[in-house]
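Coordinate analysis (summary)
Each chain is listed here by its residues.
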Amino acid sequence: MARMKNGPFGPIIGKLGNKIAYIRLGQPIIKMAPAKSNKPRSTAQIAASDRMRVVMELISPLNMFTNVGFRLAARGTNKTAQNKAVSYQLNNALQGVYPDLSIDYSKVRLADGKLNPPTDTTVTYADGKLTFTWDKDADDTYNNYRLHVMMVAYLPDTKTEYCCIMGARKLAGEDFLSFVPADGTKPYARVRETCAETYLAFISNDGEAISNTVYMGRIEF
């Protein structure tokens, strides 16, 4: 059943016959309702679904980070930040042929922008924290006092993440993420976390400028 929540001159929301109406990014949308089919799915359809599954297993736990990281890239388009993030990984970071699909973590991008990215970066793990460093003096084309670091560690074994969206100022040259990887012995954490894929980016303090993420490499525990 469709509803006219805003009166007779407002947009329709819901199902009306074989159409579905809804609001997306502030715009009213009407499309055909999906038709049920008893036909078996083709290999191409199954392969496309599996491509999306592999990418969504990466992006879903990182959604909070990518919603900020791709917000500016999505501005002025009919796409959401998540749409942009998923599309980028599908076209650039997904590797292999169905059914042997996987993520090339060195090609993953979790933020997309025009600021110059961090340079001379390092990452190490010790005493329960990942320590990130970068060249604090590189590139003064933007007011470095307004830039902060964005950090993320993705743990493939459990498909979880640790992140900081607005960390230390760029001029600090160093920041860290604190966490202890699961050793697989706890009743609530039976999978051992063996590694983390790490990324770094810059963001302005008002969020109106951002860099691409830099892949920092894999840290093994």
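Just above, that's the structure.
Residues numbered from 1 in each chain as written. Predicted model: local features only at pLDDT ≥ 70, side-chain atom pairs only at ≥ 80, totals over all residues. Heavy atoms only, no water.

Before going further, it helps to spend a moment on the nonpolar core. Generally speaking, soluble globular proteins have nonpolar side chains that are buried together. If you look at the biggest cluster of nonpolar residues, it comprises 27 residues, and the most contacted ones within it are L58, I103, V108 and L110. At the level of secondary structure, the elements contributing two or more residues to this core comprise α1 (43-59), α4 (81-92), β6 (100-103), β9 (147-155) and β12 (195-204). In terms of residue count, α4 provides more of this core than any other element does, five residues in total. Setting aside residues no more than four positions away along its own chain, I103 makes contact with V54, V55, L58, A93, L94, Q95 and V108. Of all hydrophobic cores here, the second largest spans 19 residues; its members include L130, F132, L177 and F202. (Core = buried A, V, L, I, M, F, W, Y, C linked by side-chain atoms within 4.5 Å. Buried < 20%, exposed > 50% of the residue type's maximum accessible area, 1.4 Å probe, protein only. Helix = DSSP H or I, 4+ residues; strand = E, 2+ residues; numbered from the N terminus. Contact = heavy atoms within 4.5 Å.)

Within the secondary structure layout, N67 lies in helix α2 (residues 63-69). Leaving out residues up to four positions away in the same chain, N67 has contacts with A81 and Q82.

It is worth spelling out α1 at this point. When the terminal C-alpha atoms of α1 are compared, their 24 Å separation across 17 residues agrees well with the 24 Å that a helix rising 1.5 Å per residue should span. Taken together, the buried positions of α1 are A47, D50, V54, V55, L58 and I59. Next to the buried residues of α1 lie α2, α4, β5 (94-97), β6 and β9. (Expected span 1.5 Å × (residues − 1).)

The three strands lie next to each other as β7-β8-β11, forming an open sheet whose pairing is antiparallel. The strands lining the two open edges of the sheet, one partner per strand, are β7 (122-126) and β11 (174-178). This sheet shows a mean twist of 20° between the axes of neighbouring strands, independent of strand direction. In terms of strand pairing, β7 meets strand β8 (residues 129-133) through five bridges, oriented antiparallel. Among the inter-strand pairings, T122 is bridged to a residue of β8, identified as T133. (Pairing = 2+ DSSP bridges. Axes fitted to C-alpha atoms, helices over the stretch in contact; angles between N-to-C directions.)

Comment: phi is negative for the bulk of residues other than glycine, and the bulk of peptide bonds are trans. Cis geometry is adopted by the peptide bond preceding P99, which originates at Y98 and carries an omega value of 10°. With a phi close to 55°, D127 is a non-glycine residue in the positive phi region. Residue position: D127 is located in the loop between β7 and β8. Its identity is not glycine, yet K159 carries a phi of approximately 55°, on the positive side. Within the fold, K159 resides in the loop between β9 and β10 (160-164). Judged by its relative accessible area of 37%, K159 is partly exposed.

Within the structure shown, the criterion is met by eight salt bridges. The residue D104 makes a salt bridge to K107 at a minimum N-O spacing of 4.0 Å. By relative accessible area, which is 18% here, D104 ends up buried. One salt bridge in this structure joins R109 and D112, with 2.8 Å as the shortest N-O distance. (Salt bridge = Lys/Arg side-chain N within 4 Å of Asp/Glu carboxyl O.)

As a further point, take the environment of A126. Note that A126 resides in strand β7. Between the C-alpha atom of A126 and that of V180, which follows or precedes it by 54 residues, the distance is 9.8 Å.

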